[in-house]
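Here is how the chains run, residue by residue.
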Amino acid sequence: MLIVNEREIMKTYGMKEAIQDVKDVLTAKAASQIAAPHRTVIEFPQHEASALYMPSANLVKEVTAVKVVTIFPNNPSNGMPTTQGVVLVTDAQNGKHLAMLNASYLTRLRTGALSGIATDHLAKKDASVLTVIGTGAMAFEQVLGVLQVRKIERILLVNRTPAKAQVFGQKLQDFGVEIPFEVLEDVSEAVRQADVICCATRSTEPVFNGADLQPGTHVNGVGSYLPHMLEMDVETITRASKIVVDDFEGVKEEAGELMNAEKIGEWSFENVYSELGKLVTKEVSGRENSEEITLFKSVGAAYYDLAVAKGVYSNAKEHDVGTEIEI
């Protein structure tokens, strides 16, 4: 079995590869080639934490994977990362376990790829201003995903702790992103200027006012993934002319802001425009005019992890990356 750590994965696999692999798995799912049992979430309220177990398989390419990821928000105070995870990749022809991959980076990467694909279909072609609300670990790949599909000229960063947003901006520059960034403390100002907004928080209350959204804005909401999390308000949801989701069954059970909007009678899941896969396969149209407010809501699904894990394994074998062990 091949063991590949995060540093090794980053050598050979990035956002460009992830976007292509995620598109491929969306096409495979549309062709009923993907088995995707619902994930299991175990919560640890005393730590405000959770553990997620996510299996999936490609029935045609005959490969399966299961991701185990833990999210412990209090870990940084103890010098540990918030998110930790592994993906086990298995050959579905003979049951051989092929690889064990670090999953933290892959989780961020595939989520950024999803937002990149959604942005490509739903944002204005001339979108130039990206607002990022929440500059934790998940947000970095959100930016990279958007930059793959739009020519962004300004990045506006908002965080409850402005100093952390400044560090985030510097990290982008160190990575090679030369686009100017600005840290704003007024979230309304940041939202009003945005063509594309990426929200990546674990907030239990809305992080911006939907009334501030300007016509033509596209929003990616990826931070809240449990029913009690509400990073977007009801007005954002009701103002969106198109709401696209990564996995319909997943959002019905885990997208807190959508569940809340339906519960209070302001919105219904019947109003979901489409799953993302139908935009990729061109079964439905994306943005149709410059005035639409569009929203992409992602809670994640195991087949997205399968997509990038298979891609990483293939690249690692090709480039002789990782460590082979016997089990």
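This structure is a prediction, so every number in the text was calculated from the model and none was measured. (Residues numbered from 1 in each chain as written. Predicted model: local features only at pLDDT ≥ 70, side-chain atom pairs only at ≥ 80, totals over all residues. Heavy atoms only, no water.)

S.K.: Looking at this structure, how should I read the overall build of the protein chain?
M.R.: Helix and strand counts for the protein chain come out as 11 helices and 16 strands. Along the first, second and third principal axes, the C-alpha atoms of the protein chain reach 55 × 40 × 40 Å. The buried share of the protein chain, taken over its 327 residues, is 54%. Partitioning the intrachain contacts of the protein chain with sequence separation of at least 6 by distance along the chain shows that 70% fall at a separation of at least 24. A total accessible area of about 14400 Å² is found for the protein chain, and carbon and sulfur atoms account for 48% of it. (Helix = DSSP H or I, 4+ residues; strand = E, 2+ residues; numbered from the N terminus. Buried < 20%, exposed > 50% of the residue type's maximum accessible area, 1.4 Å probe, protein only. Contact = heavy atoms within 4.5 Å. Areas by Shrake-Rupley, 256 points an atom, 1.4 Å probe, with all protein chains shown as cover.)

S.K.: Is there a simple way to explain unusual backbone geometry in this structure?
M.R.: Glycine aside, negative phi is the norm for most residues, and most peptide bonds take the trans geometry. For Ser 32, which is not glycine, the phi torsion reads 60° and is therefore positive. Mapped onto the secondary structure, Ser 32 falls in the loop between helix H2 (15-30) and strand E2 (34-35). Although it is not a glycine, Asp 320 adopts a positive phi angle of roughly 55°. Within the secondary structure layout, Asp 320 lies in the loop between helix H11 (302-319) and strand E16 (323-324).

S.K.: I would appreciate a short explanation of the side chain of Asp 305 in the present structure.
M.R.: Looking at the secondary structure, you find Asp 305 in helix H11. Here the side chain of Asp 305 touches Arg 110 through a polar contact of 3.0 Å, side chain to side chain. Once you skip the residues sitting within four places of it in the chain, Asp 305 turns out to touch Met 54, Lys 67, Thr 107 and Arg 110. (Polar contact = N/O pair within 3.5 Å; in protein donor to acceptor, adjacent residues only side chain to side chain.)

S.K.: Help me out: how do you make sense of the sheet that holds strand E13 (residues 242-245) in this one?
M.R.: Note: strands within a sheet are paired through backbone hydrogen bonds, in either parallel or antiparallel orientation. Reading across the sheet, the eight strands line up as E10-E9-E8-E11-E12-E15-E13-E14 and stay open at both edges, with parallel pairing between neighbours. Two strands bound the open sheet, and with one partner strand each, they are strand E10 (181-183) and strand E14 (274-275). Along the sheet face, helix H5 (residues 162-175) touches strand E9 (154-158) and E10 and points at about 170° away from the line of E10. (Pairing = 2+ DSSP bridges. Axes fitted to C-alpha atoms, helices over the stretch in contact; angles between N-to-C directions.)

S.K.: Explanation requested: H5 in the structure shown.
M.R.: An α-helical turn contains 3.6 residues, so a residue and the one three or four places further along point in the same direction. If you check H5, its first and last C-alpha atoms are 20 Å apart, about what 14 residues at 1.5 Å a residue would give, namely 20 Å. Ala 165, Phe 168, Gly 169 and Leu 172 are the residues of H5 that are buried. The arc that holds every buried residue of H5, seen down its axis, measures 95°, which confines them to one face. Seen from the open side of H5, the exposed residues pointing more than 90 degrees away from its buried face are Ala 163, Lys 164, Val 167 and Asp 174. (Expected span 1.5 Å × (residues − 1). Arc of directions from axis to C-beta.)

S.K.: What is the right way to read the pairing of strand E8 (residues 129-133) from this model?
M.R.: On any regular strand, side chains alternate: one points to one face of the sheet, the next to the other face. Most of E8 sits inside the fold, with five of its five residues counted as buried. Alternating residues of E8 divide into Val 129, Thr 131 and Ile 133 and Leu 130 and Val 132, and every residue in both groups is buried. Inspection of the sheet shows E8 paired to E9 by five bridges, in the parallel sense. Residue pairing for E9: Ile 133 is matched across the bridge by Val 158. In this fold, E8 hands off to helix H4 (residues 137-149), which returns the chain to E9; that crossover is right-handed. (Right-handed = clockwise from strand over helix to strand, strands pointing away.)

S.K.: What's the story with the nonpolar core in this structure? I'm lost.
M.R.: Across soluble globular proteins, you tend to see nonpolar side chains buried next to one another. Core analysis: the largest hydrophobic core is formed by 66 residues, its most contacted members being Leu 101 and Ile 155. Of the residues forming this core, the biggest block, nine residues, is contributed by H11. Ranked by size, the runner-up nonpolar core spans 28 residues in total, among them Ile 133, Met 232, Val 251 and Phe 269. (Core = buried A, V, L, I, M, F, W, Y, C linked by side-chain atoms within 4.5 Å.)

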